[in-house]
Amino acid sequence: MTAQMLIDGEWIASEGGGTFETIDPASGEVIELVPDATATDVDAAVAAAKAAFSSPEWAQMLPATRARLLWRIADLLEEHSEELARLETRDQGQPFGISSAISIPNAVEHFRYYAGWATKLHGVTVPLSIPGVDYRNRREPLGVCGLIMPWNFPLMIAAWKLAPALVTGNTVVMKPAEQTPLSTIRLAQLCMEAGVPRGVINVVTGGPAVGQAIVRHRDVAKISFTGSTEVGREIASEAGRRLARVSLELGGKAPSIITPEADIDAILEGNLMGGLLNCGQVCAAYTRFYVDHKRADEFAQKMGTIASGMKLGNGLEPTTQLGPLVSEDQLQRVDRYVSAGVAEGATLVTGGSRAGGELATGYFYQPTVFTNVTDSMTIAREEIFGPVLSVIPYEDPQELAGRANDTDYGLAAVIWSRDIGTANRLAHEINAGTVWINLPPFLDAAAPWGGMKASGVGREMGWEAILAYTDIKSIWTSLT
Ligand code: NAD
């Protein structure tokens, strides 16, 4: 079977006829062929989005109608939630428990949350100190937005971008990651079924070259990108050259700070969930566990015991707790980091290799725990994006904030403490876009999400995303 792209309301093959394979990471088998878009396809998609942007049907859609449209998309996603969750699990690998309980419901909630904003996007009037002048401002959409997604939570991250882009009146060209295109294609089908006018949503599929063609296109007013910091830097410089708007949600290396008086047994589960959710392929994954040196080994052993007992398997099996990594490339990358950890002197507590036996044809990696990790080791500094947890002992709690901040990244952090003052002081001192206190990594459509430092530029979710997809216009009127 071959999937199709959506350009100007038509489901089509690539103009050049090229395709690529999307693979089931649990088995290594091809699921489907997907069109490999050309630069001509990207041009056509952008042209369709540009025409739709100023079409009366879209540009003059009443706010209440727009709200109903987004609500209808949410309803359709919900009606198809089981099918979508299975598709996401098949293409991405995440256990069905995650796709059905997190990925799809979170996408639905984004459309419902932003449906609510449709009727509330007002500007303000301001009393100027100039006689005889009335002043007001209004928020206006930007135009064609290029939405470029990663492979770790394909549908959910597409929804984080698409819902606020649509509610503010933009049109879009979406590009899912080449590893995981299927749920975005299905999302676009359901959007069309919901009644989104032709050309408002376009989907082009392919690899980095397709993303580059979107980023460089002079008619793309804004790029919203989620992916690696390396590609984010490249996109920022391209967008900077032509002064396109840009939002970047990039990598992370979240510290988990466990204060000396924390109840280690009570926090094991939250830490493991933070570290191993979606096999560690989470930008906010808890990866650097700072533990009092007197209890670091105990903590590492306890995490190792639970992690090594977790059931690895095909995400569609009900008993599976950990799925595969998304691709052979990603598995090899994780394995290189594990080898670096061993070579640089960290102590391997459990895991450290690819899973064998009946799992050998898929991209399964044993959950891996290291202890005696130091701040300078590669596994403590670089984003691994796999099931690798590093326990870093500390002696002086006063150094915790400084050590946690000694990283290029600043996406997220978690603090585990029974002392409310200490926890909140640390929350102020940590340089991260999100700090959780005594929680696994929760997200909500209403809470702004994004990174400081090399973890990104701008925020998704909440009112911040409305700002990210609009410009403000001042209108001055002479009263004389
Ligand atoms: P990636 O940067 O390799 O690719 C992301 C997307 O960009 C893909 O669609 C890819 O085809 C496209 N792309 C690649 N090169 C491009 C270029 N030069 N120009 C335009 N587009 C290009 O990232 P990935 O490996 O798919 O995703 C993993 C990364 O995403 C991790 O670093 C992770 O931390 C990050 N991530 C961040 C968040 C967040 O909210 N901050 C969420 C999820 C993932």
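See above for the structure.
Criteria and thresholds
- Residues numbered from 1 in each chain as written.
- Predicted model: local features only at pLDDT ≥ 70, side-chain atom pairs only at ≥ 80, totals over all residues.
- Heavy atoms only, no water.
- Salt bridge = Lys/Arg side-chain N within 4 Å of Asp/Glu carboxyl O.
- Helix = DSSP H or I, 4+ residues; strand = E, 2+ residues; numbered from the N terminus.
- Buried < 20%, exposed > 50% of the residue type's maximum accessible area, 1.4 Å probe, protein only.
- Near = heavy atom within 4 Å.
- Polar contact = N/O pair within 3.5 Å; in protein donor to acceptor, adjacent residues only side chain to side chain.
- Areas by Shrake-Rupley, 256 points an atom, 1.4 Å probe, with all protein chains shown as cover.
- Nonpolar A, V, L, I, M, F, W, Y, C, P; charged D, E, K, R; others polar.
- Pairing = 2+ DSSP bridges.

Engineer: Now, about the pattern of salt bridges: what can you tell me, with residues and values included?
Structural biologist: If you walk through the whole model with that rule in mind, you get 25 salt bridges. Of the charged contacts in the structure, one is a salt bridge between Glu 429 and Arg 425, with a shortest N-O distance of 3.2 Å. Taken together, the residues span about one helical turn, with Glu 429 and Arg 425 both in helix α15 (residues 420-429) at a distance of four residues. Classification of Glu 429 by relative accessible area gives partly exposed; the value is 34%.

Engineer: Just give me the short version of the site of the ligand, but keep the residues and values in it.
Structural biologist: Near the ligand there are 29 residues, and of these Met 149, Glu 178, Ser 228, Leu 250 and Glu 383 occur at the shortest range. Between a nitrogen atom of the ligand and a side-chain N or O atom of Gln 212, the distance comes to 3.5 Å. Relative to its free-state accessible area of 850 Å², the ligand is covered by the protein chains to the extent of 91%. Among the secondary structure elements, those contributing two or more residues to the shell around the ligand are α8 (208-216), β9 (220-226) and α9 (229-241). Residues of the shell around the ligand, tallied by class, amount to 16 nonpolar, eight polar and five charged.

Engineer: So, the pairing of strand β15 (residues 388-394): which residues are in play, and what are the values?
Structural biologist: Across a regular strand the side chains alternate sides, sitting on one face of the sheet and then on the other. Most of β15 is tucked away, with six of its seven residues classed as buried. Pairing of strand β12 (residues 286-292) with β15, which is carried by five bridges, proceeds in the parallel orientation. Looking across to β15, one finds that Asp 292 is bridged to Tyr 394. Of the strand pairs in this sheet, strand β14 (residues 368-371) and β15 are connected by three bridges, and their pairing is parallel.

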